[in-house]
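Listed below, chain by chain, are the residues.
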Amino acid sequence: MYAKPFVKWAGGKGNLLQKLEGLLPANFDALQNVTYIEPFVGGGAMLFHMLQNHKCIQRAVINDINPDLIRCYKLIAESPNILIEHLREIEQAFYSVDLLARKELYYSYRNRYNNGNPHPDERAALLIFLNHTCYNGLYRVNASGKYNVPFGRYKNPIICNEELIMLDHQLLSSVELVVRTPGDYKLSRQNLSHQHPNFIYLDPPYRPLIGAYNFKEYSNHPFEDEQQIELKEFCDSLTQQNCLIMQSNSDSRNVNGESFFNELYLGYNIQRIIAPRFINAKPEKRLRWTEIVIRNY
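Values in this document were obtained by computation on a predicted structure and should not be read as measured data.

Undergrad: Help me understand the nonpolar core in this model?
TA: Core analysis: the largest hydrophobic core is formed by 67 residues, its most contacted members being Phe6, Leu47, Tyr73, Leu83, Leu172, Phe199 and Met246. Contact partners of Leu83, with chain neighbours within four places excluded, come to Leu75, Ile76, Ala124, Ala125, Ile128 and Ile165. Ile200, Cys235, Leu264 and Tyr268 belong to the second-largest nonpolar core, a separate cluster that totals 22 residues.

What follows is the structure, encoded as structure tokens:
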């Protein structure tokens, strides 16, 4: 086994890693003491890939708007046994009952996650449990910010993957890891290195495609065109500070058919790649979309 995401996350980059790898700066491994920053870390597929394949990275800064997800990263990096202990307790309760009772237990834990007041460490474990046992492995919230994915009916879901947690712990411990408080992604600018290269990978909520369904229910915080424009201005400011930037987004079109991002990121390097997306529960509807990779190099 090797270190990899401990949760399944919509829009995860696991199937695009080799394509993204090919779009890194040609001299990336020749750089020294790189600070890697990922302000929309999500499941962390790109984070784990970069840390395992590029030893020039000496420092990593991650952030996400989901506080429970960020708590998971912090626990795995600093106190993995606390997370493992909570997951073992949940796993034991889950596997001690039959399928019908497991469904009831799932909704009981979901209600505790949404409406209870568990300790942040327990909430982190509950997030992993719900992610591993819910329908299609989604993370989705309603307008009130409540997790609302139904029970998944998996036969033998892995709830406490101790081996993976410890592998992730070893990897995250191999660098100086800065886990920011969930919130404004722009605050990650405070962690830029002023002496060594900075590489920023941005994977924001995607802009919807014209005439196509687009999953974007990661949180109840909007990320509309206004936020996409703010993100571009953030990229401009990072470029002025000589940061290397790579961003993933949808190949979104305006109502007139023109590319939204071609116009917005005029002067940047934009590459289109084919990206399989597996959010739909029906395999025949899991289509291949064109995504874009925006770079300032």
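Undergrad: Would you explain unusual backbone geometry in this entry?
TA: Trans peptide bonds make up the majority, and among non-glycine residues the majority have a negative phi. Phi is positive for Asn136, close to 65°, though the residue is something other than glycine. The residue Asn242 is not glycine, and still its phi comes out positive at about 65°. In this structure, Asn242 sits in the loop between helix H8 (225–240) and strand E5 (244–250).

Undergrad: How should the environment of Leu202 be read in this particular structure?
TA: Relative to the elements of secondary structure, Leu202 occurs in strand E4 (residues 198–202). On a C-alpha basis, the gap between Leu202 and Phe40 in space is 6.3 Å, while along the polypeptide they are 162 residues apart.

Undergrad: Would you mind going over the pattern of salt bridges with me for this structure?
TA: Close approach of charged atoms allows side chains with opposite charge to pair. Summed over all chains, the structure comprises 13 salt bridges. For Asp236, the salt bridge goes to Lys232, with nearest N and O atoms at 2.8 Å. Taken together, the residues span about one helical turn, with Asp236 and Lys232 both in helix H8 at a distance of 4 residues. Using a relative accessible area of 23% as the deciding quantity, one classes Asp236 as partly exposed. Ionic contacts of the salt-bridge type, sharing partners, join the residues Asp184, Lys186 and Glu230 into one network.

Undergrad: Sorry if this is basic, but what is going on with the pairing of E4 here?
TA: Burial analysis of E4 places 5 of its 5 residues in the buried class, which makes it a mostly covered element. In E4, alternate side chains face the same way, and those of Asn198, Ile200 and Leu202 on one face and Phe199 and Tyr201 on the other are all buried. Looking at chain direction, strand E1 (residues 34–38) and E4 are connected through 3 bridges and run parallel. Within E4, the position partnered with Ile37 by the bridge is Ile200. Direction of pairing for E4 relative to E5: parallel, over a ladder of 4 bridges. Bridge assignment links Tyr201 to a residue of E5, and that residue is Met246.

Undergrad: Can you walk me through the environment of His194 in this structure?
TA: For His194, the position within the fold is in the loop between strand E3 (176–179) and E4. Exposure remark for His194: the relative accessible area of 75% places this residue in the exposed category. Residues His194 and Asn242 lie 48 residues apart in sequence; the distance between their C-alpha atoms is 10.0 Å.

Undergrad: For this particular structure, what's the right way to read the packing of aromatic side chains?
TA: Two aromatic rings, taken as a pair, are described by how far apart their centres are and by the angle between their planes. Within the structure shown, the criterion is met by 18 aromatic pairs. Taking the centre distance of 5.4 Å and the plane angle of 50° together, the rings of Tyr106 and Phe151 count as tilted. Here Tyr106 is found in helix H5 (residues 99–115), whereas its partner Phe151 is found in the loop between helix H6 (120–133) and helix H7 (162–172), with 45 residues between them in sequence. Aromatic pair Phe261 and Tyr265: ring centres 6.3 Å apart, planes at 35°, arrangement tilted. Here the two residues Phe261 and Tyr265 agree in accessibility, since each one is buried. These aromatic residues form a ring-pair network of at least three members: Phe94, Tyr95, Tyr106, Tyr107, Tyr109, Phe129 and Phe151. Residue placement shows Lys186 over the ring face of Tyr185; its charged tip is 4.7 Å from the ring centre.

What counts, and at which threshold
Residues numbered from 1 in each chain as written. Predicted model: local features only at pLDDT ≥ 70, side-chain atom pairs only at ≥ 80, totals over all residues. Heavy atoms only, no water. Core = buried A, V, L, I, M, F, W, Y, C linked by side-chain atoms within 4.5 Å. Buried < 20%, exposed > 50% of the residue type's maximum accessible area, 1.4 Å probe, protein only. Contact = heavy atoms within 4.5 Å. Helix = DSSP H or I, 4+ residues; strand = E, 2+ residues; numbered from the N terminus. Salt bridge = Lys/Arg side-chain N within 4 Å of Asp/Glu carboxyl O. Pairing = 2+ DSSP bridges. Phe/Tyr/Trp six-rings, centres within 6.5 Å; stacked < 30°, edge-to-face > 60°. Lys NZ or Arg CZ within 6 Å of the ring centre and 35° of its normal.

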